[in-house]
Amino acid sequence: MSWVVIAVVGAVTMAFKASGPVLLGRRQLPPRVTAVVDVLAPVMLAALVATQTVGGDREIVVDERVLGVAAGAVAVALRAPLLVVMTVAAVVAAGVRLL
């Protein structure tokens, strides 16, 4: 990937993020839009985790990453701190990979 592409994508991203406050000013978003914006980041993160966990070259791949994510989900359910969740997921995935 070219550094020019990275710079352009970064500049467009910053301009896009800045356009909201500039265009809206002090006006409030409608309640429906606010509800969508509130769930947008978690949904995007979940989609990223799902595609990186089971995504392959045009096929679904089930390997040690699935067990790592499952272990991380259990740690989240047990209300572990984020650093612990990430460590548990990494250790489980690495352990399964070694077997």
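The structure we're discussing is the one just above.
Quantities reported herein were computed from a predicted structural model and do not represent experimental measurements. (Residues numbered from 1 in each chain as written. Predicted model: local features only at pLDDT ≥ 70, side-chain atom pairs only at ≥ 80, totals over all residues. Heavy atoms only, no water.)

Colleague: Sorry if this is basic, but what is going on with the overall build of the chain here?
Modeller: Looking only at helices and strands, the chain features 4 helices and 0 strands. Going from the N terminus to the C terminus, the chain shows its helices and strands as α-α-α-α. On C-alpha atoms alone, the chain measures out to a radius of gyration of 19 Å, which is more than a quarter above the 13 Å that the 2.2 N^0.38 rule sets for 99 residues. Counting only C-alpha atoms and orienting by the principal axes, one finds that the chain spans roughly 55 × 40 × 25 Å. Here the chain holds 99 residues, and 9% of them are scored as buried. In the chain, the 8 positive side-chain charges and the 5 negative ones have mean positions that sit 17 Å from each other. (Helix = DSSP H or I, 4+ residues; strand = E, 2+ residues; numbered from the N terminus. Rg over C-alpha atoms; globule rule 2.2 N^0.38 Å. Buried < 20%, exposed > 50% of the residue type's maximum accessible area, 1.4 Å probe, protein only. Lys, Arg positive; Asp, Glu negative; His and termini not counted. Charge placed at Lys NZ, Arg CZ, Asp CG, Glu CD.)

Colleague: Sorry, what's going on with helix α3 (residues 64-77) here?
Modeller: Note: α-helices contain 3.6 residues per turn, so residues at a spacing of three or four share the same orientation. If you check α3, its first and last C-alpha atoms are 20 Å apart, about what 14 residues at 1.5 Å a residue would give, namely 20 Å. Of all the positions in α3, only Glu-64, Gly-68, Ala-71, Gly-72 and Ala-75 are classed as buried. For α3, the buried positions fall inside an angular range of 100 degrees around the axis, keeping them on one side. Within α3, the exposed residues directed more than 90 degrees away from the buried face are Val-76 and Ala-77. (Expected span 1.5 Å × (residues − 1). Arc of directions from axis to C-beta.)

Colleague: What exactly am I supposed to notice about the packing of helix α2 (residues 31-54) against α3 here?
Modeller: For any two helices packed against each other, the geometry comes down to the angle between their axes and how far apart the axes lie. Orientation of α2 relative to α3, taken along the N-to-C sense of each, is 145 degrees, at an axis distance of 8 Å. Here Val-49, Gln-52, Thr-53 and Val-54 of α2 lie close against α3, whose contacting residues are Arg-65, Val-66 and Val-69. Class assignment of the residues belonging to the contact of α2 with α3 gives a composition of 4 nonpolar, 2 polar and 1 charged. (Axes fitted to C-alpha atoms, helices over the stretch in contact; angles between N-to-C directions. Contact = heavy atoms within 4.5 Å. Nonpolar A, V, L, I, M, F, W, Y, C, P; charged D, E, K, R; others polar.)

Colleague: Would you mind going over the side chain of Thr-53 with me for this structure?
Modeller: Looking at where Thr-53 falls in the secondary structure, it is placed in helix α2. Residue classification places Thr-53 among the buried residues on the basis of a relative accessible area of 10%. Excluding residues within four positions of it along the chain, Thr-53 makes contact with Val-61, Asp-63, Arg-65, Val-66 and Val-69.

Colleague: Help me out: how do you make sense of the packing of α3 against helix α4 (residues 82-98) in this one?
Modeller: In contact at an axis separation of 8 Å, α3 and α4 are set at 150 degrees when each is read in the N-to-C sense. Compared by their axis directions, α3 and α4 come out roughly antiparallel. Read as a crossing pair, α3 and α4 show a hand that is right-handed. Facing α3, whose interface residues are Glu-64, Leu-67, Gly-68, Ala-71, Gly-72, Ala-75 and Val-76, α4 presents Val-85, Val-88, Ala-89, Val-92, Ala-93, Val-96 and Arg-97. Split by residue class, the contact of α3 with α4 holds 10 nonpolar, 2 polar and 2 charged. (Parallel < 35°, antiparallel > 145°, perpendicular 65-115°, else oblique. Left-handed = near helix turned anticlockwise from the far one by under 90°.)

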